[in-house]
Number of protein chains: 2
Amino acid sequence: MERIENIAKSICAIDSAILAKAQKRLDNLTKPLGSLGRLEELAKQICGITAQETPLLNNKVIFTLAADHGVTEEGVSAYPKEVTAQMVYNFLSGGAGINVLARHAGARVVVVDMGVAVDLKADSRLVVKKINYGTKNMAKGPAMSRDEAIRSIHSGIEIFETEFKRGLDIAGTGEMGIGNTTSASALTAVFTHTPAKALTGRGAGLDERGLKNKIAVIERSISLNKPDPADPIDVLSKVGGFEIGGLTGIILAAAAKKVPLVIDGFISGAAALVAYHIEPKAKDYMIASHCSVESGHKIILDHMGLKPLLDLNLRLGEGTGGALAISLADAAVKILTQMATFKSANVSEKKK
Amino acid sequence: MERIENIAKSICAIDSAILAKAQKRLDNLTKPLGSLGRLEELAKQICGITAQETPLLNNKVIFTLAADHGVTEEGVSAYPKEVTAQMVYNFLSGGAGINVLARHAGARVVVVDMGVAVDLKADSRLVVKKINYGTKNMAKGPAMSRDEAIRSIHSGIEIFETEFKRGLDIAGTGEMGIGNTTSASALTAVFTHTPAKALTGRGAGLDERGLKNKIAVIERSISLNKPDPADPIDVLSKVGGFEIGGLTGIILAAAAKKVPLVIDGFISGAAALVAYHIEPKAKDYMIASHCSVESGHKIILDHMGLKPLLDLNLRLGEGTGGALAISLADAAVKILTQMATFKSANVSEKKK
């Protein structure tokens, strides 16, 4: 816990002097003032985060963390639980959505077993930080122990720091875990004081009856475990997941190291929510990639005051929306660093 | 005119059998059904446009057409007219926004002088299709002759066909022309029967007084010239521009050759509107990249029933939003062609 507190304490406010310099640079480029809209805002935010006037985004990483959820016993997912492990193999062999979109964005994918229910085949490309063989069924008791919640965050910090040493200029969050929209919905309900009914979606494809059951399961899990919103570790342990804890650690560690962090969809958003409730300043290091079809995601973004870049009806997770946004971030920074100025290109400025 | 009619006649309806095959392929990929949202729709549309089950987008081109507008005499722009020519040089030396974003998307930029007011320095990279030295002031008479309007469309067809021979799998439209939001606003008002006041924006940065003047100039140009919305060439000649005519030709030629065409912002949208009124089937070959800050753009998109991919408060033009959307189109097609299927990856499907 001390380690989490230390990381949280080391997250600084963003340097406003850098923001002003970035704005000045943007305003001198050969385009009408502000005409590249959110691309300009994004470039500026990345200057602020990295504390660099001309940041470089050479090393791009997407962290895709996998874990199982005991709550799948309650029939909350349209897919069988085995899919979590099967998809990890798919990530490792490069055939999943995140592999395709990460390659497109020039990002490497770091695949982590945070708590898949089975032992996975040994693979040098797989990072193993297994906290346990899936969480327990939160509808019958806490999903994990407090110690497991802390260890999952610690593991996320370690995962980030290892990749940081290898070179890491921008990171994206991603996840895989059958049942994890149930956990993300519960976390969101607790932190944002919203009824489960108002934020629970169909996940990977539940029908009407399945959705009703999922809402009831979330309500039961919350009333049974009584997670304390003032204690983020308590909330994570009672209704969270190991991949969510891992992502929380990654988010805190990225903010501490001044690395821009692109948040993917609803589950990544729930992890961002845990990180934000541990240290609100972490929010300034987050870039919201998109707004998911899962209705809880918008509630998370509004709660933290984040505005998504894309709205493409995505609901896959894995880090896919994050990969698209990393490509936008790359474009934004190139605008800042590669465009000619009015002076260098001999272009007349606006009439006075 | 016969050439335009022939091109328009050769635009076919999209093959629905291909769409069904693309949908089947998408549904077999290792992701919940439809979970990549608009990326999946986009991939499917590109299959339909190209009539290919596994299209390849290797050759990407952005056509950035420049021309001057006589209506700048009326003080409708925040920038001096000289900027059109200055920006052409900036495009050629690679320092403009479109150069940066096209490089990011892996697209080449084809820069065309459709009617800049001055003779530009000879440059082998510049395509010269100068119809005239800028249009005439539409507030005092037709912007161009009917023959010039036809020639501008012909030139666009030629520009497209030359690049098509070099290899062209997806194209984006772009433009530069001080004063051209005034022309685009007038075209939009005429074709969509909307009052100028409801669709005229600040362009590159007009103040309140400038905006009022711009609206009055557009109203005057329309009432004086009486463009006939049933005759798109008449509308183009009376209140259009040479770069807009050129883009109209590019759009028609792309549709005729089954090449996906990414429409940039408001001015490109006005060209799309002219093409659509010449041949409505051209619309099915268009991909709307983004929704511009210029309010007329949304009116155009609604009129044609196009839904933009991005909403990033862009208002630069040049093809910049198109470049970002070409990158999304690339990602969408890679999803279709590179992702593993449930069967190939041994992943269990949804519970029945």
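Scoring rules and cut-offs
- Throughout, a residue's number is its position along its own chain's written sequence, starting from 1.
- Working convention: letters from A go to chains and numbers from 1 go to ligands, in the order in which they are written.
- Owing to the predicted nature of the model, reporting of local features is limited to residues with pLDDT of at least 70; listing and counting of side-chain atom pairs is limited to 80 or more, with chain, interface and lining totals taken over all residues.
- Think of the side-chain values as coming from all heavy atoms in the structure, minus any hydrogens and water.
- Two residues form a contact once any of their heavy atoms are found within 4.5 Å.
- A simple way to read buried area is as the amount of 1.4 Å-probe accessible surface that goes missing from two parts once joined, with both sides added.
- By convention in these notes, a salt bridge is any Lys or Arg side-chain nitrogen within 4 Å of a carboxyl oxygen on Asp or Glu.
- As used in this structure description, the phrase polar contact means that two N or O atoms lie within 3.5 Å; if the pair is within protein, one of them must be able to donate a hydrogen and the other to accept it, and residues adjacent in sequence are counted only when both atoms belong to side chains.
- Each helix corresponds to a stretch of at least 4 residues labelled H or I by DSSP, and each strand to a stretch of at least 2 residues labelled E; elements are numbered beginning at the N terminus.
- We define a nonpolar core as any set of buried Ala, Val, Leu, Ile, Met, Phe, Trp, Tyr and Cys residues linked to one another through side-chain atoms lying within 4.5 Å.
- Only protein chains enter the accessibility calculation, which uses a 1.4 Å probe. A residue is then buried if its area is under 20% of the maximum for its type, exposed if over 50%, and partly exposed in between.
- A residue counts toward the fit only if its pLDDT is at least 70 in both copies, and the copies are then superposed by least squares on the C-alpha atoms of those residues.
- Segment limits for the domains were obtained from an automatic or database-derived domain assignment.
- One bridge is not enough; two strands pair if DSSP finds at least two bridges between them.
- In this description, a line fitted to the C-alpha atoms serves as the axis of each element, helices being fitted only across the stretch in contact, and the angle between N-to-C directions of two axes falls anywhere from 0 to 180 degrees.

A.B. asks: How should the interface of chain B and chain A be read in this particular structure?
C.D. replies: By convention, interface size is frequently given as the accessible area that disappears when the constituent parts associate. If you look at the interface, chain B gives 55 residues, while chain A gives 55 residues. For the pair chain B and chain A, the summed buried area comes to about 4,700 Å², and 61% of that belongs to carbon and sulfur atoms. It is Y79, H104 and L312 of chain B in chain B that bury the most area against chain A; as a group they hold 13% of the surface buried on that side. Our enumeration of links across chain B and chain A arrives at zero salt bridges. Run the count over chain B and chain A and you get 26 residue pairs in polar contact (both at pLDDT 80 or more). Taken together, the elements giving at least two residues each to the side of chain B that touches chain A come down to α3 (37-50), α4 (83-93), α5 (97-105) and α13 (320-338) of chain B.

A.B. asks: Please clarify how the nonpolar core should be interpreted in this entry.
C.D. replies: Inside soluble globular proteins, nonpolar side chains tend to come together where they are buried. Counting residues in each nonpolar core, the largest one holds 118 residues, and the members touching the most others are L324 of chain A together with L324 of chain B. Counting residues in hydrophobic clusters, the runner-up holds 71 residues, among them V76, V112, L187 and A275 of chain B.

A.B. asks: Would you mind going over the relation of the copies chain B and chain A with me for this structure?
C.D. replies: Relating one copy of the chain to the other requires a rotation about an axis plus a shift along that axis. If you rotate chain B by 180° and push it 0.0 Å along the axis, it lands on chain A with an RMSD of 0.0 Å. The superposition of one copy onto the other is thereby described by a two-fold rotation axis. Taking C-alpha positions as the reference, the residue of chain B nearest the rotation axis is L310 of chain B, at 3.3 Å.

A.B. asks: What is the right way to read the domain arrangement of chain A from this model?
C.D. replies: Residues and elements named next belong to chain A. The domain boundaries assigned to chain A delineate domain 1 (2-55 + 336-345) and domain 2 (60-330). Placing the centre of domain 1 and that of domain 2 at their C-alpha centroids yields a distance of 28 Å. Taken together, the contact between domain 1 and domain 2 spans 17 residues of the former and 27 residues of the latter. Taken over both partners, the interface formed by domain 1 and domain 2 buries close to 2,100 Å², and the fraction arising from carbon and sulfur atoms is 69%. The largest contributions to the domain 1 side of the interface with domain 2 come from I4, I11 and R38, which together make up 32% of the buried area. One can count two salt bridges joining domain 1 with domain 2. Looking at the side of domain 1 that touches domain 2, the elements with two or more residues in it are α1 (2-9) and α3 (37-50).

A.B. asks: It is not clear to me how the sheet that holds strand β1 (residues 60-67) of chain B should be interpreted in this structure. Could you clarify?
C.D. replies: Hydrogen bonds along the backbone pair up the strands of a sheet, which may run parallel or antiparallel. All names here are of chain B. Ordered in space as β3-β2-β1-β4-β5-β6, the six strands form an open sheet in which the pairing is parallel. A strand with exactly one partner marks an edge of an open sheet, and here the two such strands are β3 (126-128) and β6 (286-288). Neighbour to neighbour, the strand axes of the sheet diverge by 30° on average, direction disregarded. When β1 meets strand β4 (residues 170-176), the two strands line up parallel, connected through seven bridges. Bridge pairing links K60 to I170 in β4. The sheet strands contacting α13 are β1, β4 and β5 (261-263), and the helix crosses β1 at an angle near 165°.

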